[in-house]
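Structural description and commentary
Listed here are the chains, written in short residue letters.
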Amino acid sequence: MAEYQMTLMNRQRIARDTMAFWFDTNGAAFGFRAGQHADFVFGSESDNSRTFSLASCPHDKEPIMIAMRMRATAFKSGLKAAALGTKFVVSRPRGSFTLHKDITRPAVFLAGGIGIAPIRSILRQATQERLPHKLYLFYSNRDAEDAAFLEEFESLAAQNPNFIFVPTVTGPRSMAWPHEKGHINREMLTRYLLGLSGPVYYVAGPSGMVTAMTGLLNSSGVSEDDMKTEEFGDYKLQQDLGQNDPRNRD
């Protein structure tokens, strides 16, 4: 398997308990499709490897970005403390959570928490390439402070007439929140979509949220062939969203 040597260039808090990390490819041609993921390794121990979605767009001229909820794990604590300039080994990108080619079918993204990372990559590319797909993003967080890339998606929606952005919060404290409130459900989807059958659905978030969303779609008559899913293991976020599936995928 091809491996790439990358250098940690920067890190930044992008939402509550959420950070982004940028890596320099050191001149290597790191080709990937929007929505894919890769393994990131630092140190010599095998448990210093984790899989992360690539939040960057393939066309970005900036370094490769990943984003994550910060939990008290050895890997994430080590990554947060690592000196800028630290070397990482990164695997060849892989995964099929990528935009379909049939431009007559809308793409509907259902994201919870940091499940937004691969979707950011897809939506940035679609906007940069001016793809004709009709795009909908339903983005659920507990509070506004938990929503990474919120202003960026609002900007993309202003730039891209084919993109409809529907953020929602499920917590009780967002009184001044100007968007949707509550969990993503059939009623919310039908307020924005012409019909639930027809689009291709992309579901990304904690495994409990992914299970809930695929169940909702199945009960609404959507075929499993029209769903793509990515599960992210973030137990705290699962609790925030009312889910309790502790399976791990960073």
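Now for a description of the structure that goes with this document. Predicted model, so just to flag it, every value in this text is computed and none were measured.

Analysis parameters
- Residues numbered from 1 in each chain as written.
- Predicted model: local features only at pLDDT ≥ 70, side-chain atom pairs only at ≥ 80, totals over all residues.
- Heavy atoms only, no water.
- Helix = DSSP H or I, 4+ residues; strand = E, 2+ residues; numbered from the N terminus.
- Buried < 20%, exposed > 50% of the residue type's maximum accessible area, 1.4 Å probe, protein only.
- Contact = heavy atoms within 4.5 Å.
- Areas by Shrake-Rupley, 256 points an atom, 1.4 Å probe, with all protein chains shown as cover.
- Expected span 1.5 Å × (residues − 1).
- Salt bridge = Lys/Arg side-chain N within 4 Å of Asp/Glu carboxyl O.
- Phe/Tyr/Trp six-rings, centres within 6.5 Å; stacked < 30°, edge-to-face > 60°.
- Lys NZ or Arg CZ within 6 Å of the ring centre and 35° of its normal.
- Pairing = 2+ DSSP bridges.
- Axes fitted to C-alpha atoms, helices over the stretch in contact; angles between N-to-C directions.

Remarks on the overall build of the chain
Tallying secondary structure elements over the chain gives six helices and twelve strands in all. Every one of the 250 residues in the chain was classed for burial, and the buried ones make up 54%. Once local pairs closer than 6 in sequence are excluded, the contacts in the chain between residues at least 24 apart make up 71%. Here the chain has roughly 11,200 Å² of accessible surface; of this, 49% comes from carbon and sulfur atoms.

Regarding helix α5 (residues 207-219)
Between the first and last C-alpha of α5 there are 18 Å, a value that for 13 residues agrees with the 18 Å anticipated at 1.5 Å per step. Following α5 by one or two positions, Gly221 has its phi on the positive side, about 90 degrees.

Overview of the pattern of salt bridges
Two side chains bearing opposite charge may form a pair once their charged atoms approach each other closely. The tally for this structure, following the rule as stated, stands at eight salt bridges. For Asp226, the salt bridge identified is with Arg105, shortest N-O distance 3.1 Å. In this pair, Asp226 is assigned in the loop between α5 and β12 (227-232) and Arg105 in the loop between β6 (87-91) and β7 (107-112), connecting sequence segments 121 residues apart. According to the relative accessible area criterion, Asp226 is buried, its value standing at 18%. For Glu152, the salt bridge goes to Arg120, with nearest N and O atoms at 3.1 Å. Remark: Arg120 occurs in helix α2 (residues 116-128) and Glu152 occurs in helix α3 (residues 150-159); sequence separation between them is 32 residues. Through salt bridges with shared partners, a single ionic network connects Asp60, Arg120, Arg124 and Glu152.

Quick word on the packing of aromatic side chains
On inspection of all chains with the given rule, the structure shows 15 aromatic pairs. An angle of 45 degrees between the planes, with centres 5.9 Å apart, marks the rings of Phe30 and Phe32 as tilted. Through a chain of ring-to-ring contacts, the aromatic side chains of Phe23, Phe40, Phe42, Phe52, Phe75 and Phe88 assemble into a single cluster. Geometry around Phe149 places Arg120 over its ring, the cationic atom sitting 4.9 Å from the centre.

With respect to the side chain of Arg124
Along the polypeptide, Arg124 turns up in helix α2. Accessibility expressed as a relative area gives 15% for Arg124, which makes it buried. With near-sequence residues (within four places) excluded, Arg124 lies in contact with Cys57, Asp60, Glu152 and Leu156.

Details of the sheet that holds strand β9 (residues 163-169)
Taken together, the six strands give an open sheet; going across it, the order is β10-β9-β8-β7-β11-β12, and neighbouring strands pair in parallel fashion. Pairing within the sheet leaves two strands with one partner each, and these edge strands are β10 (180-181) and β12. Across five bridges, β7 lies against strand β11 (residues 200-206) in parallel orientation. Counted as the bridge partner of Ala111 is Ala204 from β11. Here α3 sits on the sheet and contacts β8 (135-141) and β9; the angle it forms with β9, its principal contact strand, is near 150 degrees.

So, the pairing of β6
Judged from the five bridges that link them, strand β1 (residues 3-15) and β6 form a sheet pairing that is antiparallel. Note on β6: the bridge partner recorded for Thr7 is Lys87. As paired elements, strand β3 (residues 37-41) and β6 share two bridges and run antiparallel to each other. Bridged to Phe40 within β6 is Val90.

Digging into α2
With 13 residues, α2 extends 18 Å from end C-alpha to end C-alpha; this agrees with the ideal 18 Å at 1.5 Å per step. Among the 13 residues in α2, twelve count as buried, and that is most of the element. Those residues of α2 lying buried are Ile116, Ala117, Pro118, Ile119, Arg120, Ser121, Ile122, Leu123, Arg124, Gln125, Ala126 and Thr127. Taken from the residues just after α2, Arg130 is the one with a positive phi, measuring 55 degrees.

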